[in-house]
Amino acid sequence: MLESFIIGGQAVLNLQGILMMILGVVIGIVFGAIPGLSATMAIALFLPITYSMSPIMGITLLVALYIGGISGGLISAILTRIPGTPSSVATTFDGYPLTQKGQGAKALGVGIVFSFLGTIFSTIVLIFLAPQIAKVSVKFGAYEYFAVGIFSLSMISGLSGDSLVKGLFSGLVGCIFATVGMDPIASVERFTYGVIDLKSGFNILPALVGLFAISEILFAAEKAKFAKETEVIKVDIKNIKGFGFSWKEFFSQKFNFVYSSIIGTFIGILPGIGGGVSNVLAYTAVKNRSKYPEKFGTGIIDGVVASETANNASIGGALVPLLTLGIPGDTVTAMLLGGLTIHGISPGPLMFTQNVDIVYSIFITMIVGSILMLLIEFYGLRGFVALLKINKAYLLPAIFVFCTIGSIGLRNRMFDVWSIVLFGMLGYGFQKLDIPSSPFILGFIIGPMVEVNLRRGMMFSQGSFMPFVTSPIAAVFLAATVVSISFAAFKQYKKMKPAKASTTN
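As the structure is a computational prediction, the values presented were derived from the model and not from experiment.

1. Comments concerning the overall build of the chain
Then comes step 1: Within the chain, the secondary structure is distributed over 22 helices and two strands.
Then comes step 2: Relative to its full complement of 505 residues, the chain shows a buried share of 56%.
Then comes step 3: Nonlocal contacts in the chain, meaning residues at least 24 apart in sequence, comprise 79% of its contacts between residues at least 6 apart.
Then comes step 4: As displayed, the chain offers around 21800 Å² of accessible surface, 69% of which is attributable to carbon and sulfur atoms.

Next up, the structure:
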């Protein structure tokens, strides 16, 4: 292995390679930080530019864009409550409340450090365990993916806040919106009502931007109408030392970090899920096992650590099936797969013997790129916080423009612009009725996965549900679902019991 690292180092640790990494990380952070843009869009835009580069330089640039893009989403999530990427949705839950308390710099520091550690953790897993983990994940079929989906949906209970009913309603609405378009198996139109644009359904990016960005802009506009002066959140950066948190706070998060890293890496390995789900699942799981779950959502660093560790850990996880089997773990790795193919490289087991320089240059790029990301975001910390000094009356219209540009750039369709307005109004209505938006996203992403794998599984088994239960891997996940739901119901019962007692008295 050492010899392979030397070969990879010679290929990428030169002036051109380092410049590609710096360029990729900086641009990735910018794309990740702007709502509506994403790591996927950054790679899509730069893919044609890599045509004229050598395969190693081209892949180095794309991997650096990936790392910067996933991490950059935390900046807008923490400072404006608008996640720059789907991977940062859960970061808003505690990141923005910390900003409102005047601890935005601390939240950014925590997010940056644990993003770095999450990436390094998953890179180590990628290097040492890739072949073994890939052997397990390749055994996943329709039965197993259905069970994983059901288990993921059970996490809605942890995202429902005080009302499980409202959380389930939000998740159900998300599932319903995900069914619009062409049936993925029978290719029959569903809920399109003769509108051509609806045939391809709603994309996750406009849904996310609308629910979290446009609704926030609408709320700010409503508050500005009645406020004498537009509120400007102040963050004290003069007394900030280092990353803004103490060693005691750092070590208090060690189990949270390990837990979230494992979840993020594992979710990243499963094809088709990715960081967009891992951050929400890790946040919910950490909240459920916390000694003080009631503090989550009020502004504590535990929530930021869980989300940012998990979404960056999914980077290395997503590269495991890509490099060992040629199966992309998420949308971004699907773009990377295209980049490798363009340069004449076929990912798979043979890649580890025929393209050792490329495989190990990717490993080295992930490690060096993570260090660069840490340094660039650390030295840019004060610059990011300075964004808060901009009056929201000027900042939010600019964000709205970026959201619109990002939604058009996705598929070059005006339909996606109208979609962000639709989801924005839906998110605004949810906030007015105190309905959580996060279960909607979980239902929107996981719902189709559950439906497709349930129908495929039923076709494989000729109408019998028994294989879903008798498959060992599926049975483990279904059992975990029962435990998760029972635990949530018990917690809800305990919460309601004192309320009933006080009503009776």
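2. Re the nonpolar core
Then comes step 1: L65 and Y66 are the most contacted members of the largest nonpolar core, which has 68 residues in total.
Then comes step 2: L281, M449, F477 and L478 belong to the second largest nonpolar core, which has 25 residues in total.

3. Here's the deal with the pattern of salt bridges
Then comes step 1: Inspection of the entire model under this criterion finds nine salt bridges.
Then comes step 2: One salt bridge connects R455 with D183, and the closest N-O pair in it is separated by 3.0 Å. With a gap of 272 residues between them, R455 in helix α20 (residues 438–460) and D183 in the loop between β1 (181–182) and β2 (189–190) connect regions that are remote in the sequence.
Then comes step 3: Across the pair E222 and K432 runs a salt bridge whose closest N-O atoms are separated by 2.9 Å. Highlighted residues: E222 in helix α9 (residues 204–226) and K432 in helix α19 (residues 414–432), separated in sequence by 210 residues.
Then comes step 4: On the basis of relative accessibility, which here comes to 47%, the residue K432 falls in the partly exposed class.
Then comes step 5: Overlapping salt bridges bring together D183, R190, E451 and R455 as one network.

4. Observations concerning the packing of helix α7 (residues 142–153) against α20
Then comes step 1: The geometry of α7 relative to α20 is characterised by a closest axis approach of 8 Å and an angle of 150 degrees between their N-to-C directions. Here α20 runs roughly antiparallel to α7, going by the angle between their axes. By crossing handedness, the relation of α7 to α20 is classed as left-handed. Taking contact as the criterion, the partners of A142, Y143, Y145, F146, V148, G149, I150, S152 and L153 in α7 are, on α20, L442, G443, I446, M449, V450, N453, L454, R456, G457 and F460.
Then comes step 2: Split by residue class, the contact of α7 with α20 holds 13 nonpolar, five polar and one charged.

5. Details of unusual backbone geometry
Then comes step 1: Phi at S187 takes a positive value of approximately 55 degrees, unusual for a residue other than glycine.
Then comes step 2: With respect to the helices, strands and loops of the structure, S187 is situated in the loop between β1 and β2.
Then comes step 3: By relative accessible area, which is 51% here, S187 ends up exposed.
Then comes step 4: Of note, D434 is a non-glycine position whose phi angle comes to about 60 degrees, a positive value.
Then comes step 5: With respect to the helices and strands, the residue D434 is situated in the loop between α19 and α20.

6. Some points on the side chain of N279
Then comes step 1: In this structure, N279 sits in helix α12 (residues 275–289).
Then comes step 2: A polar contact is formed between the side chain of N279 and the backbone nitrogen of A90, at a distance of 2.8 Å.

7. Observations regarding the environment of K199
Then comes step 1: Of note, K199 is situated in the loop between β2 and α9.
Then comes step 2: A residue is classified by how much of its surface remains accessible, and K199, at 34% relative accessible area, is partly exposed.
Then comes step 3: Along the sequence, K199 and V180 sit 19 residues apart, while their C-alpha atoms lie 7.4 Å from each other.
Then comes step 4: Within polar-contact distance, the side chain of K199 engages the side chain of E189 at 3.3 Å.

About the thresholds
Residues numbered from 1 in each chain as written. Predicted model: local features only at pLDDT ≥ 70, side-chain atom pairs only at ≥ 80, totals over all residues. Heavy atoms only, no water. Helix = DSSP H or I, 4+ residues; strand = E, 2+ residues; numbered from the N terminus. Buried < 20%, exposed > 50% of the residue type's maximum accessible area, 1.4 Å probe, protein only. Contact = heavy atoms within 4.5 Å. Areas by Shrake-Rupley, 256 points an atom, 1.4 Å probe, with all protein chains shown as cover. Core = buried A, V, L, I, M, F, W, Y, C linked by side-chain atoms within 4.5 Å. Salt bridge = Lys/Arg side-chain N within 4 Å of Asp/Glu carboxyl O. Axes fitted to C-alpha atoms, helices over the stretch in contact; angles between N-to-C directions. Parallel < 35°, antiparallel > 145°, perpendicular 65-115°, else oblique. Left-handed = near helix turned anticlockwise from the far one by under 90°. Nonpolar A, V, L, I, M, F, W, Y, C, P; charged D, E, K, R; others polar. Polar contact = N/O pair within 3.5 Å; in protein donor to acceptor, adjacent residues only side chain to side chain.

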